[in-house]
Amino acid sequence: QYATAAAQLNRIAERAAGAQALYETLHRKRAESRSRYVAPFTRRLEELAAPVFGDSVRFEVGDDFAIARRTLDGVTVDVAALSGGAREQLGLIARLACAMLVDEQDGVPVIIDDALGYSDPARLASMAQVLGAAAGDAQIIVLTCDPQRYADVPDATMIAV
């Protein structure tokens, strides 16, 4: 009876060790995979954000692709501390960066529904540059009740519905 219980305990311990090894391997591989994509995402994010925030803009992006901090002219700020307009602009830029990286040949469609409502006219003009630049690598569809907000996007086709 003791030998049977010991054998059963040994089998359970071996299965638990196997499950632990599988769990650790999957988490390690996921982290390795994410780290391969975080650097290109960060570079694309900084390229797209330069017209809006300036050429010195840098971002700290976590392995989960969450943008944690923005550095501008040597001053680092948590993204949560940015203004609503800056966070909205950054969110849109992040979506564009993802779309451009998913398929570098054609990009993927990005649908924007009445964004940039918190942006001042200067930031709207710089975001128009970003949208125009990204449109070369991804299809961007903007739904808006205020088409004037996007009037400066170069080569945009406006369709009234």
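Structural notes, computed from the coordinates.

Calculation notes
Residues numbered from 1 in each chain as written. Predicted model: local features only at pLDDT ≥ 70, side-chain atom pairs only at ≥ 80, totals over all residues. Heavy atoms only, no water. Helix = DSSP H or I, 4+ residues; strand = E, 2+ residues; numbered from the N terminus. Contact = heavy atoms within 4.5 Å. Core = buried A, V, L, I, M, F, W, Y, C linked by side-chain atoms within 4.5 Å. Buried < 20%, exposed > 50% of the residue type's maximum accessible area, 1.4 Å probe, protein only. Axes fitted to C-alpha atoms, helices over the stretch in contact; angles between N-to-C directions. Parallel < 35°, antiparallel > 145°, perpendicular 65-115°, else oblique. Nonpolar A, V, L, I, M, F, W, Y, C, P; charged D, E, K, R; others polar. Pairing = 2+ DSSP bridges. Expected span 1.5 Å × (residues − 1). Right-handed = clockwise from strand over helix to strand, strands pointing away. Phe/Tyr/Trp six-rings, centres within 6.5 Å; stacked < 30°, edge-to-face > 60°.

Next up on the list: the side chain of Ser-126. Looking at the element boundaries, Ser-126 is found in helix H3 (residues 121–134). If near-sequence neighbours (up to four positions away) are discounted, Ser-126 is found in contact with Pro-51 and Val-52.

Right, let's get into the nonpolar core. By size, the foremost hydrophobic cluster in this structure holds 36 residues, and its most contacted members are Leu-45, Leu-48, Phe-53, Phe-59, Ile-67, Ile-93 and Leu-96. Broken down by secondary-structure element, the contributors of at least two residues to this core are helix H1 (2–53), strand S1 (58–61), strand S2 (67–72), helix H2 (84–102), strand S4 (110–113) and H3. It is H2 that provides the largest number of residues to this core, a total of 9 residues.

We now examine the packing of H2 against H3. Where H2 contacts H3, the two axes come as close as 11 Å, and the packing angle between them is 5 degrees. Comparing the axis directions of H2 and H3 gives the class roughly parallel. Residues Gln-89, Leu-92, Ile-93, Leu-96 and Met-100 of H2 form the contact with H3, whose participating residues are Arg-123, Met-127, Val-130, Leu-131 and Ala-134. A breakdown of the residues in the contact of H2 with H3 according to their chemical character gives 8 nonpolar, 1 polar and 1 charged.

Bringing the sheet that holds S2 into the picture now. Taken in spatial order, the 3 strands make up an open sheet running S1-S2-S3, and their pairing is antiparallel. At either end of the open sheet lies a strand with only one pairing partner, and these are S1 and strand S3 (75–78). Adjacent strand axes in the sheet meet at a mean angle of 25 degrees when their direction is disregarded. As defined by bridge partners, S2 adjoins S3 across 4 bridges and the pair is classed as antiparallel. Bridging across to S3, Arg-70 finds its partner in Val-77. Those strands touched by H1 are S1 and S2, and its axis lies near 145 degrees from that of S1.

Our focus in this paragraph is H2. Quick reminder: α-helices carry 3.6 residues per turn. Residues three or four places apart thus point the same way. For H2, spanning 19 residues, the distance from its first C-alpha to its last is 27 Å, which sits close to the expected 27 Å at 1.5 Å a residue. Residues of H2 that are buried sit in contact with H1, S1, S2, S4, H3 and strand S5 (140–143).

The next subject is the pairing of S5. As paired strands, S4 and S5 are joined by 4 bridges and run parallel to one another. The partner of Val-110 across the bridge, within S5, is Ile-140. Chirality of the crossover, the property in question, places the unit of S4, H3 and S5 among those that are right-handed.

Pairs of aromatic rings are described using the distance from one ring centre to the other and the angle between the two planes. This model, assessed by the stated rule, comprises 2 aromatic pairs. Relative to Phe-65, the ring of Phe-41 has its centre 5.8 Å away and its plane inclined at 75 degrees; by these criteria the two rings are edge-to-face. Residue Phe-41 is located in helix H1, and its partner Phe-65 is located in the loop between S1 and S2; the two are separated by 24 residues in the primary sequence. Under the relative-accessibility criterion, Phe-41 is labelled buried at 3%. Residue Phe-65 is classed as partly exposed on the basis of its relative accessible area of 32%. Arranged with centres 6.5 Å apart and planes meeting at 80 degrees, the rings of Phe-53 and Phe-59 form a pair that is edge-to-face. Phe-53 sits in the buried class, given a relative accessible area of 6%. By relative accessible area, Phe-59 is classed as buried at 8%.

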